[in-house]
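Spelled out, the chains give:
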Amino acid sequence: MNLQPRTVRMVGVGLFCVVGLAACSASIAASSYDGMLPEHAITTPAPAPADGEADLLAPFPTAGWLDDGDQFAIVLGGSSSCPSYPVSMVVDDSRTLSIEIGQSGGPACTADMKLRTHVLTTPAGLDPTGEVTIRYSESETAVLPAL
């Protein structure tokens, strides 16, 4: 096979991008499993639904401390064929943590809802002696209680 130098460069760039994307989209969780938080997780009670409405899609509580605050777990919902997972996290201040959520699979995902729990190591700079807010996006949050 006789490849022109330009073709070789384009193939090389394509491989670099694929490898780079795979590395960038890996989960940062120490472990993950299907289902809700473990029973021993320290959580904040679920908020009451507004005006008698049931929030069947909100798996409260969605975050809990584990191992005396050394770790915490978050519950994410999504398609079973394209599950969501934590990609990165940033400590905004000692009581606020932002987590970027990625999604695997695609381009076609099943229209079902599956819950998956992700266990993460508590990052330096986060103070578990006070309530900690976890931001998943502009509108989604979870709260870890003070330990």
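Residues numbered from 1 in each chain as written. Predicted model: local features only at pLDDT ≥ 70, side-chain atom pairs only at ≥ 80, totals over all residues. Heavy atoms only, no water.

(A) Up close: unusual backbone geometry. One non-glycine residue, D67, adopts positive backbone phi at about 50 degrees. Checked against the element boundaries, D67 lands in the loop between strand 2 (63–66) and strand 3 (71–78). For D67, a relative accessible area of 45% corresponds to the partly exposed category. For D68, which is not a glycine, the phi torsion comes out positive at approximately 55 degrees. (Helix = DSSP H or I, 4+ residues; strand = E, 2+ residues; numbered from the N terminus. Buried < 20%, exposed > 50% of the residue type's maximum accessible area, 1.4 Å probe, protein only.)

(B) Main features of the sheet that holds strand 8 (residues 141–144). Taken together, the four strands give an open sheet; going across it, the order is 4-5-7-8, and neighbouring strands pair in mixed fashion. The sheet is open, and its two borders are formed by strand 4 (84–93) and strand 8, each paired with just one other strand. Pairs of neighbouring strands in the sheet enclose a mean axial angle of 25 degrees, with direction left out of account. Judged from the four bridges that link them, strand 7 (residues 132–135) and strand 8 form a sheet pairing that is antiparallel. Residue I134 lies in a different strand from strand 8, and its bridge partner there is A142. (Pairing = 2+ DSSP bridges. Axes fitted to C-alpha atoms, helices over the stretch in contact; angles between N-to-C directions.)

(C) Inspection of the state of the cysteines at higher detail. Counted under the stated rule, the structure contains one disulfide. One disulfide in the model links C82 with C109; its S-S distance is 2.0 Å. The sign of the S-S torsion, about -95 degrees, decides the handedness of the disulfide formed by C82 and C109: left-handed. Residue C82 is found in the loop between strand 3 and strand 4, and its partner C109 is found in the loop between strand 5 (96–103) and strand 6 (114–121); the two are separated by 27 residues along the sequence. (Disulfide = S-S within 2.5 Å.)

(D) Region of the structure containing the environment of S88. Tracing the backbone shows S88 in strand 4. Considered as a pair, S88 and G102 are 14 residues apart in the sequence and their alpha carbons are 8.9 Å apart.

(E) View of the nonpolar core. The biggest cluster of nonpolar side chains holds 14 residues, and the ones touching the most others in it are A63, F72, I74, I134, Y136 and L144. Those elements that place two or more of their residues in this core are strand 2, strand 3, strand 5, strand 7 and strand 8. In terms of residues, this core owes the most to one element, strand 3, which gives three residues. Those residues within four positions of Y136 in sequence are excluded, and the remaining contacts are T62, A63, I74, L76, I99, I101, T141 and A142. Counting residues in hydrophobic clusters, the runner-up holds six residues, among them A41, L66, V75 and V119. (Core = buried A, V, L, I, M, F, W, Y, C linked by side-chain atoms within 4.5 Å. Contact = heavy atoms within 4.5 Å.)

(F) A look at the pairing of strand 2. Side chains A63 and W65 of strand 2 all project onto a buried face; the interleaved residues G64 and L66 project onto the opposite face, where all are buried too. Sheet topology note: the strand 2/strand 3 ladder contains four bridges and is antiparallel. When the sheet's bridge partners are listed, L66 is paired in strand 3 with Q71. Between strand 2 and strand 3, which pair antiparallel in sequence order, lie four residues; one of them, D67, sits at a positive phi of approximately 50 degrees.

(G) The sheet that holds strand 2, seen in detail. A sheet is described by the order of its strands in space; here four strands give the open sequence 1-6-3-2, paired in antiparallel fashion. The open sheet has two edge strands with one neighbour each: strand 1 (31–34) and strand 2. Pairs of neighbouring strands in the sheet enclose a mean axial angle of 25 degrees, with direction left out of account. The pairing of strand 3 with strand 6 spans eight bridges and is antiparallel. Along strand 6, the bridge assignment pairs G77 with L115.

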